[in-house]
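Observations on chain architecture
Residue-level listing of the chains:
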Amino acid sequence: MATKTRESTSRQGNRSRPAFTWSAGSAGTLAAAAVAGAAVGLAANLGRKFVVQGLAGASGDWAETLANEHAMVLALFDKIEATENHQTTIRKHLLTKVKNALGKHAIEEENVIYPALRDANSAHDADALNAEHGYVKTFLYELENMEADSPEWLAKIRDFRSLLQKHMQMEEREVFPALKRELSDEQNARLFHAMSREGMKLA
Ligand SMILES: [Fe+2]
Ligand SMILES: [Fe+2]
């Protein structure tokens, strides 16, 4: 309907209006198309975020969501460890996926779960886990600065996985169940929503 109005106005005024009027209208149409395109892009990105977030968080349980994310990261390590030394492009691609997944995961834990742990008088656990996140970043940094076709690269990947697995097990078996028990159902639900909000920012 808006297009029709614009067309009829333009036809009526074609003879008397200077050329720039048409140009302005055309620019407006182009701008509208660009905005529409951006809106489609934004919707697609939002859809992707919901998919990424929904994959791990379908249960509505924060501890289960984090455990699912752990499993997804370890599955990426399985793929990396199955590569040959010459498959450097695949290795770098998979390492980027690990980095992105762990970045989002760390934000969820550091911005929501670990503060909740400190509130629940478990500052010692929160601080120890937080320090390990620092070493996760060190591993990522070192791997990115090594030749991906060297045997040392894969050896470092294995050391990285070992640290991660211990960290994840500590969270899944001890720290998270204890915090969950400490909180009411309502508090646990609030934690899930707060964590999902943080995750959406980086999904
Ligand atoms: Fe963690
Ligand atoms: Fe974790």
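Let me sum up the structure you'll find in this document. (Residues numbered from 1 in each chain as written. Chains lettered and ligands numbered in written order. Predicted model: local features only at pLDDT ≥ 70, side-chain atom pairs only at ≥ 80, totals over all residues. Heavy atoms only, no water.)

Structural notes on the coordination of the iron ion (ligand 2)
Defined as follows: Atoms of type N, O and S within 2.8 Å of a metal are treated as its donors, and for Na, K and Ca the window is 3.2 Å; water is not considered, so some sites may appear to be missing partners. Think of it this way: with four donors and all angles in the 85 to 135 degree range, the site is tetrahedral; with four or six donors, opposite ones beyond 155 degrees and the rest between 65 and 115, it is square planar or octahedral; otherwise it is irregular. Each helix is a run of H or I in the DSSP string that is no shorter than four residues. Each strand is a run of E no shorter than two, and both are numbered from the N terminus. Using a 1.4 Å probe on the protein chains alone, a residue whose accessible area is under 20% of its type maximum counts as buried, one over 50% counts as exposed, and one in between counts as partly exposed.
Coordination of the iron ion (ligand 2) by the protein comes from His70 (NE2), His105 (NE2), Glu109 (OE) and Glu171 (OE), over a distance range of 2.0 to 2.2 Å. Angles of 83 to 171° at the metal separate the four donor atoms of the iron ion (ligand 2), which places the site in the irregular class. Positions of the donor residues of the iron ion (ligand 2), expressed as sequence spacing, correspond to H-x34-H-x3-E-x61-E. Separating the iron ion (ligand 2) from the iron ion (ligand 1) is a gap of 3.2 Å, which glutamate 109 spans by donating to each of them. Linking histidine 70 in helix H3 (residues 62–81) with histidine 105 in helix H4 (residues 88–119), this pair joins segments that are 35 residues apart in sequence. Residue class for histidine 105 comes out buried when judged on its relative accessible area of 5%.

Details of the packing of H3 against helix H7 (residues 185–202)
So the rule is basically this: Under this scheme, a helix contributes an axis fitted over its contacting stretch, all axes are lines through C-alpha atoms, and angles between N-to-C directions fall in the 0 to 180 degree range. Should an angle fall under 35 degrees it is taken as roughly parallel, and over 145 as roughly antiparallel, whereas 65 to 115 is taken as roughly perpendicular and any remaining angle as oblique. Should any heavy atoms of two residues lie within 4.5 Å, those residues are counted as being in contact. By the convention adopted, Pro, Cys, Tyr, Trp, Phe, Met, Ile, Leu, Val and Ala count as nonpolar, Lys, Arg, Asp and Glu as charged, and the other residues, Gly among them, as polar.
At a closest axis distance of 9 Å, the pairing of H3 and H7 adopts a crossing angle of 40°. On the basis of their axis angle, the class for H3 and H7 is oblique. Between H3 and H7, the residues in contact are Trp62, Thr65 and Leu66 and Asn188, Leu191, Phe192 and Met195, respectively. Class assignment of the residues belonging to the contact of H3 with H7 gives a composition of five nonpolar, two polar and no charged.

All quantities given are derived from atomic positions and should not be read as evidence of function.
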